[in-house]
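The lines below spell out each chain.
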Amino acid sequence: MKKHHDGPHPEHTFHLESPATGIAHPRHVVVGIGSEPSSGHVLDFALSLARAEDASLHVVHCITAEDQPVETDSPQFEKRLSSALSSQRERTLSALKSHTGDWTYDCNHGDPAVVILSTAEKHDAFTIVIGAPRRGPISAMGQLVHSSVAARLNRQNRYPIVLVPAGVKSTTWTRKSA
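These numbers were taken from a predicted model, which means no experiment stands behind them.

Student: Go over the environment of His41 with me, naming the residues and quoting the values.
Tutor: Examined against the element boundaries, His41 turns out to sit in helix 1 (residues 39-52). Separated by 127 residues in the primary sequence, His41 and Val168 place their C-alpha atoms 6.5 Å from one another. The contact partners of His41, leaving out residues within four places of it in the chain, are Gly167, Val168 and Lys169.

Student: I'd like a description of the sheet that holds strand 1 (residues 14-17), backed by residues and values.
Tutor: Across the sheet, six strands lie side by side as 1-4-3-2-5-6; this open sheet has mixed pairing. The open sheet has two free edges, formed respectively by strand 1 and strand 6 (161-164), since each of these has just one partner strand. Put simply, the sheet's adjacent strands are angled 15° from each other on average, direction ignored. Here helix 2 (residues 77-96) sits on the sheet in contact with strand 1, strand 2 (28-33), strand 3 (56-63) and strand 4 (103-109), set at roughly 165° to strand 4.

Student: Let's hear about the side chain of Thr119: which residues, and what values?
Tutor: You can see Thr119 is positioned in helix 3 (residues 112-123). Leave out the neighbours within four places in its chain, and Thr119 touches Val30, His58 and Val60.

Student: Explain the pattern of salt bridges residue by residue, including any values.
Tutor: When the charged atoms of two side chains lie near each other, side chains of opposite charge can form a pair. Scanning the entire structure with this criterion turns up three salt bridges. Between Glu53 and Arg27 there is a salt bridge, with the nearest N and O atoms lying 3.3 Å from each other. Here Glu53 is found in the loop between helix 1 and strand 3, whereas its partner Arg27 is found in the loop between strand 1 and strand 2, with 26 residues between them in sequence. The exposure class of Arg27 is partly exposed, given its relative accessible area of 32%.

Student: Describe the pairing of strand 5 (residues 127-131), listing the residues and the values that go with them.
Tutor: Counting buried positions along strand 5 yields four of five residues, so the element is predominantly enclosed. As defined by bridge partners, strand 5 adjoins strand 6 across four bridges and the pair is classed as parallel. In the strand pairing of strand 6, Ile130 is matched with Leu163.

Student: I'd like a rundown of the packing of aromatic side chains, residues and numbers included.
Tutor: By the definition in use, this model includes one aromatic pair. Ring geometry for Phe14 against Tyr105: centres 5.0 Å apart, planes inclined by 80°, an arrangement best described as edge-to-face. Of this pair, Phe14 sits in strand 1 while Tyr105 sits in strand 4, and the two are 91 residues apart along the sequence. This pair shows no difference in class: Phe14 is buried, exactly as Tyr105 is. The ring of Phe126 is capped by Arg27, whose NZ or CZ atom sits 3.9 Å from the centre of that ring.

Student: Lay out the nonpolar core in plain terms, naming residues and giving numbers.
Tutor: Grouped together as the largest cluster of nonpolar side chains are 27 residues, with contacts concentrated most on Val31, Leu57, Tyr105 and Val129. Top contributing element to this core by residue count: helix 1, with seven residues. Contacts of Val31, omitting those with residues within four sequence positions, involve Val42, Leu43, Ala46, Leu57, His58, Val59, Val60 and Val129. Counting 14 residues, the second largest nonpolar core, distinct from the first, contains Val30, Cys62, Ala120 and Tyr159.

Parameters at a glance
- Residues numbered from 1 in each chain as written.
- Predicted model: local features only at pLDDT ≥ 70, side-chain atom pairs only at ≥ 80, totals over all residues.
- Heavy atoms only, no water.
- Helix = DSSP H or I, 4+ residues; strand = E, 2+ residues; numbered from the N terminus.
- Contact = heavy atoms within 4.5 Å.
- Pairing = 2+ DSSP bridges.
- Axes fitted to C-alpha atoms, helices over the stretch in contact; angles between N-to-C directions.
- Salt bridge = Lys/Arg side-chain N within 4 Å of Asp/Glu carboxyl O.
- Buried < 20%, exposed > 50% of the residue type's maximum accessible area, 1.4 Å probe, protein only.
- Phe/Tyr/Trp six-rings, centres within 6.5 Å; stacked < 30°, edge-to-face > 60°.
- Lys NZ or Arg CZ within 6 Å of the ring centre and 35° of its normal.
- Core = buried A, V, L, I, M, F, W, Y, C linked by side-chain atoms within 4.5 Å.

Put into structure tokens, the structure is as follows:
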């Protein structure tokens, strides 16, 4: 199922969901991903957590300036943006095929923290999984202008937040049997 949304590039926004499984999952995990390579590890971690908890998974990607090619005045801008978003969609859908539970995947415009939080509220999630804030001088300069998605989500007190550091793979997290 594909549904377009409003925004500066409505052709890149959509809502996809898994084929009906007939299994109702009472628990839900929301995961926020972005365009950076570490988002693949964040998604893998969320998939492992959702499988371990027998939960539905809800993937959220908000199109931001980080998704857009640097040269905004280039005649190739739209083609590069479309290609980058298509590649991310294909990688995400490929990963979601391994999930036996229900899932949704939404790509739209908006403030990532607000959209992730509203998705968690919509599904009454038991946790939110996102990538940990990046480190280094460029990240520090960015925090002078605005706070990270992680920092803004940490200010709410309804949902636990799992921060997945860059480089952490789902194989390093295992659920211990009781």
